[in-house]
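Spelled out from the first residue to the last, the chains are:
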Amino acid sequence: MAPRGAAPILPLALALTAVAAVSWARGPSGTLWFRQGCAALGRCCPGRDPTCAARGPPRCFCDQACREVRDCCPDYARACPAVSCVVAEWSGWSRCVKPCQVSYRLRQRRVLQEPRNGGAPCPPLEERAGCVEYWSHQGVECQQSLLPALITTVSYGKEREKRRVPKKQETIGYCVQFRLGPVPGSCLQVRAPHAQWTRYLTQGHTVCVRCEWPAQDARSQRCYGDGGGAGGHQLSLWQAAGHPRCRGTWERLGQLRDCSCPEVHSLVFL
């Protein structure tokens, strides 16, 4: 016959054993159950994927959206580290897509590493910039006159390729000073990196515009739209290459051998 009070001892012992087993399985607070977690699942999924769930309880997820929903497995950050996009350097600028008219050129870069697990997305892989070429792709000189005067930042003039330029003409050019008339608000509304210079165009400011090869006409040695044929104080038209809605009028002040305006007001004819 069992001693008095012995009957409840066995159920109590079994309960304590079960609690100990559960504690061993869970481990310290925040750790995983046996065979639970993203490492055990062996998957890290993009977006929201209900099937990308590890064993529970409690049920936890290894998809990219789990950070927002806050149902990630405790080892998600370790098993599924964020990998940001990596891109190559920019290629060189292409030729103008369409010669003998206002067009654009391209440069591109490729993805070296796709983003994963919430890493930073890829930046733009293509850029466009306004341009004009005075030679066709078959090497024939364009004959048409381009009006109004097409202008862009002087940095483009430093990097554009001077194809078919005689050696003696490489350093020959001239500078024309203009006083800007009213500048439309559209010149301020620009997102493209290559057109940010239009934000500095202000009514009444003096700008220096360089005329050089290959923008110079082969016969007259002048740039289209430089105002050389206009009378004194006569207004002429200009347009920003790559930003068609940025256009206005200016007054020719004179011609110089070299430009001396601040960089933000130093431009080139196209």
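Our structure is the block above this text.
The model shown is predicted, which means the values in this text are computed figures rather than measured ones.

With that settled, consider the state of the cysteines. A complete count under the given rule lists ten disulfides for this structure. Note that Cys38 is cross-linked by a disulfide to Cys62, the S-S spacing being 2.1 Å. The S-S bond linking Cys38 to Cys62 shows a torsion near -100°; that makes this disulfide left-handed. One end of the pair, Cys38, is in helix α2 (residues 38-41); the other, Cys62, is in the loop between β2 (60-61) and α3 (66-69), and 24 residues separate them in sequence. Residue Cys62 is classed as buried on the basis of its relative accessible area of 0%. Bridging Cys211 to Cys223, the disulfide has an S-S length of 2.0 Å. Measuring the twist about the S-S bond at about 95°, one finds the Cys211-Cys223 disulfide to be right-handed. One end of the pair, Cys211, is in strand β9 (residues 206-212); the other, Cys223, is in the loop between β9 and β10 (235-240), and twelve residues separate them in sequence. This pair shows no difference in class: Cys211 is buried, exactly as Cys223 is.

Moving on, we get to the packing of aromatic side chains. Inspection of every chain in the model, using the stated rule, returns three aromatic pairs. An angle of 75° between the planes, with centres 6.4 Å apart, marks the rings of Phe178 and Phe269 as edge-to-face. Placement of the pair is Phe178 in strand β8 (residues 173-180) and Phe269 in strand β12 (residues 266-269), with a sequence separation of 91 residues. Like Phe269, Phe178 is buried. Taking the centre distance of 6.4 Å and the plane angle of 40° together, the rings of Trp238 and Trp250 count as tilted. Linking Trp238 in strand β10 with Trp250 in strand β11 (residues 247-256), this pair joins segments that are twelve residues apart in sequence. Per residue, the accessibility class of Trp238 equals that of Trp250, and both read buried. Of the aromatic side chains, those joined through ring pairs into one cluster are Phe178, Trp238, Trp250 and Phe269. Of note, Arg48 hangs over the ring of Phe61, and the distance from its end group to the ring centre comes to 4.5 Å. The ring of Trp93 has Arg105 lying over it, and the distance from NZ or CZ to the ring centre is 4.2 Å.

What counts and what doesn't
- Residues numbered from 1 in each chain as written.
- Predicted model: local features only at pLDDT ≥ 70, side-chain atom pairs only at ≥ 80, totals over all residues.
- Heavy atoms only, no water.
- Disulfide = S-S within 2.5 Å.
- Helix = DSSP H or I, 4+ residues; strand = E, 2+ residues; numbered from the N terminus.
- Buried < 20%, exposed > 50% of the residue type's maximum accessible area, 1.4 Å probe, protein only.
- Phe/Tyr/Trp six-rings, centres within 6.5 Å; stacked < 30°, edge-to-face > 60°.
- Lys NZ or Arg CZ within 6 Å of the ring centre and 35° of its normal.

Just geometry here; none of it tells us what the structure is for.
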